[in-house]
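Given next are the chains, with one letter for each unit.
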Amino acid sequence: MDPIDGVPSFSDDPLRERGVGHRLDREGFIDAVIDLIEKVGSQENSSVLSLIGSWGSGKSSILNRVSDRLRSSGRRERAWVVTEFNPWYYEGLSALQTGFFREISSSVPSGRSWRKFRNRMADLGDAIAPFGSLGGLVGVDASGVIGGVSSLVRGASSVETVKGQVEAELQKANRPILVIIDDVDRLDPSELLMLFKLIRLAGRLRNVYYLLAYDEDTLIDALGRTGLIGDDSPRRAIDYLEKIVQIRLDVPPLRAEQISSWVDEEVQTLAARHDVEQTSEFEARFSRAYFGHLRHRLVTPRAIKRYFAQVDAFLGQVRGEVDFVDFLIISWLRASEPLVYRGLIQHRSRLVGEFDWTLLGSLDRKRDVQADHDFWRRFFAHARVDEARVDGVADLLGLLFPRFSHEWSDSLHSFSGPKAVAGRISNADYFDRFFAVGVPAEDLSDLLVEAASGQILDGRSGAERARLEDAWPERATLIMTKLERGWRQDEPRILAGLTWLATQFPRLPERYDLADPRKQAQWFGRDIYVNLSDQDALTFLSALRPDPQVLQFCSFLVESAIRKREEESRLVEGLPLPTEIWLAESIERVFIGEGATNPLDYSDDVWPLFWTWARIDAAAVNRWAAGHLDAGHWPSLDLVARMVTTAIPLGVPNPVPRLSDLDLELVDRVVGLERVDSDVSGQIGGIPKSLPRDAPATPENRRNYVLDVFHARNRPSNDR
């Protein structure tokens, strides 16, 4: 409901209650109109008044108030008879003419004293009809309007005779009749001239008055398209109107203060109704949107009503799921610049910055400013944005999309803004909600994630948690982004959340790109783990089932905590943390469990743990390696070959690992360089001469790479 008028804001119908005049400070204007009509009605001669205002300025609402007040007037003598003639109800000139007389005759009271008047009005309608067929008005082809020519030719009655009879009945009744005609400017040119003909030639009866409402510019344009006026002289149309209308009443325009107050009330009411928290940041962003452009477009009551009707109609579907200010702006675009609104969907990737791997090599290059400007200029032209309004609409898009703001600017450098905040339309995870006006089926609502988060932190099951886990890993990135917002570091139940994340980690696929969900999970967990006390960290680790993938997750956390302590100079040299000991022992058990398996055959789940194990407990790794080598389970060449690191190209589907490097210091700590030299000395002569450094990491290429490294290591310095 409207907060002041009590009128449903979804309706585009004109308002009738006093509130419209009160809100827009028009009650005084309505009083003046009533007084003027009363003065005009005190005379017997007919008059035509016009209420002039642009579309949406509130003309119909003012007419409703005038009509209601005249009808409810307490005066008994000469009380007004008010009728509303809507030309839109009638299709064609014949129906328009017939309807004009019918509406006037049917508007009067049903008593016997008015019966003769109704009959005489019907006679007048019949008598007037032949003027159309005889071409009585230039510019109107009204042939066949009403077939009453014969009675006139026979001389049964003249127009003036019948008109005199009607006026006599009106004088007896002693009641003024006000005919209100709204939306005159929406008639086509021929209908418009017919209406004016009826008012001028047939309707100028004593005690009958007219109040017309129209947009003057539109009406003049319509008159210009008639044969009577022509489009080459707008002044003639104005002069013609002056002959029809005796008194003009211009609707007072809304003042800036009125509009700002109304908009502010609507926003406050919406925020309260939908439980939106209003922060200083919220107010600053909407103020910039309003004073930057919206205030220049929200200048009529209809524009304001329709705008907030759009917002109110759909906000309930996304309450708590999208940013309120962004929703206010996008709702205005949907209502007022619909082609811009639809165009945003087409350019989603560009606006939200979804990564284009073809640009990987050009991220540090200067942008083509002119090309970006031309692109968006074409966008606005295609969206039919008035050239004078382009900059204003662009300002709104800049508030929604930082990337657009950057492309619209003259900056020579590539975009480097911060990550889009959750809930904002510039965030790829939320963009679709603004256009689906709800949470898409493949999405997860923030409210659902919030409920599931509570169940996870409480360590209990629930329908929301089950739905969230069903959506993992397909929507893992979105889920973690939402959970990160709600899991505070000081949350007393945070260990339960971290444990849940560790157990879900193995379900995440390995993706070799910047949006790898496994990396996101590790960094999410890291931000929690490094702030735990030593006791809480050990409690968390000890509660886990240490399978290889869970240990990969834990390795990242523990090593991150070690690095943080090193940076803070809080590590005691030679005294490992309890968490380090737990991790090293857990990894050792995994490798012992592999038995005599050749290192080249270790799975990609297990082998990554080798690097962590070697960093935190090199002595244990050395014992493990020596045991297998001494037992002859596999040659040192195969162990060192597996220690060759690999590189994986980003953004390539199903990438093939390529040989990268070999850390000889690590080889020395784990196996011993002398031992490897001794073991491979007899094989060095058989290595290929042209093994590329980025060769695929096959077992054979790995071995050859090691042989090549040790061959180069043992060559005399003058041969290198």
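Rules and cut-offs
Residues numbered from 1 in each chain as written. Predicted model: local features only at pLDDT ≥ 70, side-chain atom pairs only at ≥ 80, totals over all residues. Heavy atoms only, no water. Helix = DSSP H or I, 4+ residues; strand = E, 2+ residues; numbered from the N terminus. Buried < 20%, exposed > 50% of the residue type's maximum accessible area, 1.4 Å probe, protein only. Contact = heavy atoms within 4.5 Å. Areas by Shrake-Rupley, 256 points an atom, 1.4 Å probe, with all protein chains shown as cover. pLDDT = per-residue confidence, 0-100. Core = buried A, V, L, I, M, F, W, Y, C linked by side-chain atoms within 4.5 Å. Salt bridge = Lys/Arg side-chain N within 4 Å of Asp/Glu carboxyl O.

The next thing to look at is the overall build of the protein. Broken down by element type, the protein carries 34 helices and seven strands. The buried share of the protein, reckoned over its 720 residues, is 48%. Restricting the contact set of the protein to residue pairs at least 6 apart, pairs at least 24 apart contribute 73%. About 34900 Å² of surface is accessible on the protein, with carbon and sulfur atoms providing 49% of the total.

A separate point is the confidence of the model for the protein. Across the protein, the average pLDDT comes to 84, with 86% of residues at 70 or higher. Between the elements of the protein, mean pLDDT differs from a low of 39, seen in helix α6 (residues 149-153), to a high of 97, seen in helix α18 (residues 390-400). Low pLDDT (under 50) marks residues 357-363, which in the prediction has seven contacts with non-local residues, meaning those over four places away or in another chain.

Before going further, it helps to spend a moment on α18. Burial analysis of α18 places nine of its eleven residues in the buried class, the great majority of the element. The set of residues buried in α18 consists of V390, G392, V393, A394, L396, L397, G398, L399 and L400. In this structure, the buried side of α18 is in contact with α12 (280-297), α14 (324-336), α15 (338-346), α17 (369-382) and α19 (402-408).

Grouped together as the largest cluster of nonpolar side chains are 84 residues, with contacts concentrated most on Y529, F591, W624 and L662. With nine residues, helix α27 (residues 548-567) is the largest single contributor of residues to this core. Ignoring anything within four residues of it in the chain, the contact list for F591 reads Y602, V606, W607, L609, F610, W613 and W624.

This brings us to the pattern of salt bridges. Side chains that carry opposite charge are capable of pairing whenever their charged atoms lie near each other. Tallying each qualifying case throughout the model produces 42 salt bridges. We note a salt bridge from E387 to R377, for which the minimum N-O separation is 3.5 Å. In this pair, E387 sits in the loop between α17 and α18 while R377 sits in helix α17, placing the two residues ten residues apart along the sequence. Here E387 falls in the exposed class, since its relative accessible area comes to 59%. On the basis of relative accessibility, which here comes to 38%, the residue R377 falls in the partly exposed class. Here D443 makes a salt bridge to R475, at a shortest N to O gap of 3.6 Å. A residue pair is termed long-range when its members are at least 10 positions apart, and D443 in the loop between α20 (431-436) and α21 (446-458) and R475 in the loop between α22 (463-471) and α23 (476-486) qualify at 32 residues. A single salt-bridge network, built from bridges that share partners, covers E321, R433, D443, D446, R475, K482 and R485.

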